[in-house]
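Examining the three-dimensional arrangement
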Amino acid sequence: MKLLRFGESGQERPAIVAGDGTVRDISGGVADLAAGILSPAGLERLAGIDPSGLPEVPAGTRIGAVVPMPYNYIGVGLNYADHAEEAGMPIPKEPILFTKAPTSLSGPNDDVVFPKGSTKGDWEVELAIVIGSESFEVPEARALDHVAGYAISNDVSERAWQLEGTGQWLKGKSAPTWGPLGPWLVTTDEVPDPQALEMRLEVNGETMQQGSTRTMIFGVAEIVSYTSRFMRLLPGDVIVTGTPPGVGMGRKPQRFLAHGDEMRVTIEGLGEQRQKVVFR
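Bear in mind that the values here come from a model prediction, so they are computed numbers and not experimental data.

One open sheet holds the five strands; their spatial order is S7-S18-S17-S14-S15, and the pairing between them is mixed. Among the strands making up the open sheet, the edge pair consists of strand S7 (112-114) and strand S15 (206-212). Taken pair by pair, the neighbouring strands of this sheet meet at an average axis angle of 20 degrees, ignoring direction. Strand direction decides the pairing type here: strand S14 (residues 198-203) and S15, joined by six bridges, are antiparallel. Directly across from Glu198, in S15, lies its bridge partner Ser212.

Spelled out as structure tokens, the structure:
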């Protein structure tokens, strides 16, 4: 299934993509894409819905992030060997975890806004994992059973805030709108191998990143299992899994986002995002 949320920010309602490609409102029977609904039993119930008789969402309606604000929004740093190389950092021996503020979450096509003082805005196409079942100390062999599905993420970053001065990745990745997520939550049955997805990010029509989840250092199952060693993951939590090379910081010369730039972000089978960049 392809699930999504639509409507004005803070007032989103859940929907499903029907077989004919139309988007159908399921809010009459489902409050939101959150705990319960994202569990295996909840998703099985949604799969039994015939969307053909449900209200159609008008084309052009705003799409929100695929889940409401999560309890945990976790990033995995330097999870592609060639990205670690372009960043001038050693290949990690175990996953590097950091947090993004849950309030950075935004719709896939919302403007990406850089607050005053931003100077080095950057892009990162990433595969996002959406947790479906409560997870703590989950063995790697069972980790994928705890995943509801996958989505596209653009892990928007401000490199000066992230790496200069006192640094801190949290600081450089957490402003509002720096977490575009969607357009769809694609359930795991439609993504038989999350380690075989092509990824691409363009700025103003120019390809900046082109890669594949095949080259991730730590795969989805290992990431979920490893993260659950240190925290309890809850339904609707989001883990973004790292980015392939081609970020602005790693280019020679470096290239950062400017006011009016447009980003297009795609991952095979998961749809696409389009964002306009705004500097205040």
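Let's pick the thread back up.
Let's shift gears to helix H1 (residues 40-47). Looking at H1, one finds that the buried residues are Gly42, Leu43 and Leu46. Angular distribution of buried residues about the axis of H1 spans 95 degrees; they occupy a single face of the element. Across H1 from its buried face, at more than 90 degrees, point the exposed residues Ala41, Glu44 and Ala47. Lining the buried residues of H1 we find strand S1 (2-6), strand S2 (13-17), strand S10 (147-154) and strand S13 (185-187).

On to the sheet that holds strand S16 (residues 238-240). One open sheet holds the nine strands; their spatial order is S3-S2-S1-S13-S10-S9-S16-S4-S5, and the pairing between them is mixed. Edge positions in the sheet fall to strand S3 (23-25) and strand S5 (96-99), since each has one partner strand and no second. Shown here is a sheet whose adjacent strand axes are inclined to one another by a mean of 30 degrees, direction ignored. By the bridge criterion, four bridges tie strand S4 (residues 73-77) to S5 in an arrangement that is antiparallel. Considered in S5, the bridge of Ile74 is made with Thr99. Helix-sheet contacts for helix H4 (residues 220-227) involve S4, S5, strand S9 (125-131), S10 and S16, and the interaxial angle to S9 is about 55 degrees.

Regions of empty space are outlined by a rolling probe, equal in size to a water molecule, passed over the atoms. Scanning all chains against the criterion turns up one cavity of 30 Å³ or more. Considered as a void within the structure, the largest cavity measures approximately 140 Å³ in volume. Around the largest cavity, the lining is made up of 19 residues, and of these Leu78, His83, Glu124, Gln162 and Trp169 lie nearest the centre. At the level of secondary structure, the elements contributing two or more residues to the lining of the largest cavity comprise S4 and helix H3 (159-163). Among the elements that take part in the lining of the largest cavity, H3 stands out by supplying three residues, more than any other. Taken together, the residues of the lining of the largest cavity break down into eight nonpolar, six polar and five charged.

A few words now on the packing of aromatic side chains. In total, this model carries five aromatic pairs according to the counting rule given. Taken together, a centroid distance of 5.2 Å and an interplanar angle of 50 degrees make the contact between Phe114 and Trp178 tilted. Taken together, the residues Phe114 in strand S7 and Trp178 in the loop between H3 and strand S12 (179-180) connect sequence positions 64 residues apart. Given a relative accessible area of 0%, Trp178 falls into the buried group. Pairwise contacts between aromatic rings join Phe114, Trp161, Trp178 and Phe279 into one cluster. Its guanidinium or amino end placed over the ring of Trp184, Lys2 lies 5.4 Å from that ring's centre, counting from NZ or CZ. Lying over the aromatic face of Phe136, Arg232 brings its terminal NZ or CZ to 4.9 Å of the ring centre.

The rules behind these values
- Residues numbered from 1 in each chain as written.
- Predicted model: local features only at pLDDT ≥ 70, side-chain atom pairs only at ≥ 80, totals over all residues.
- Heavy atoms only, no water.
- Pairing = 2+ DSSP bridges.
- Helix = DSSP H or I, 4+ residues; strand = E, 2+ residues; numbered from the N terminus.
- Axes fitted to C-alpha atoms, helices over the stretch in contact; angles between N-to-C directions.
- Buried < 20%, exposed > 50% of the residue type's maximum accessible area, 1.4 Å probe, protein only.
- Arc of directions from axis to C-beta.
- Contact = heavy atoms within 4.5 Å.
- 1 Å grid on protein atoms, 1.4 Å probe; cavity = no way out; pocket = protein on both sides within 12 Å on 5 of 7 lines; lining within 4 Å.
- Points joined across faces, edges and corners; volume = space filled by probe spheres on them.
- Nonpolar A, V, L, I, M, F, W, Y, C, P; charged D, E, K, R; others polar.
- Phe/Tyr/Trp six-rings, centres within 6.5 Å; stacked < 30°, edge-to-face > 60°.
- Lys NZ or Arg CZ within 6 Å of the ring centre and 35° of its normal.

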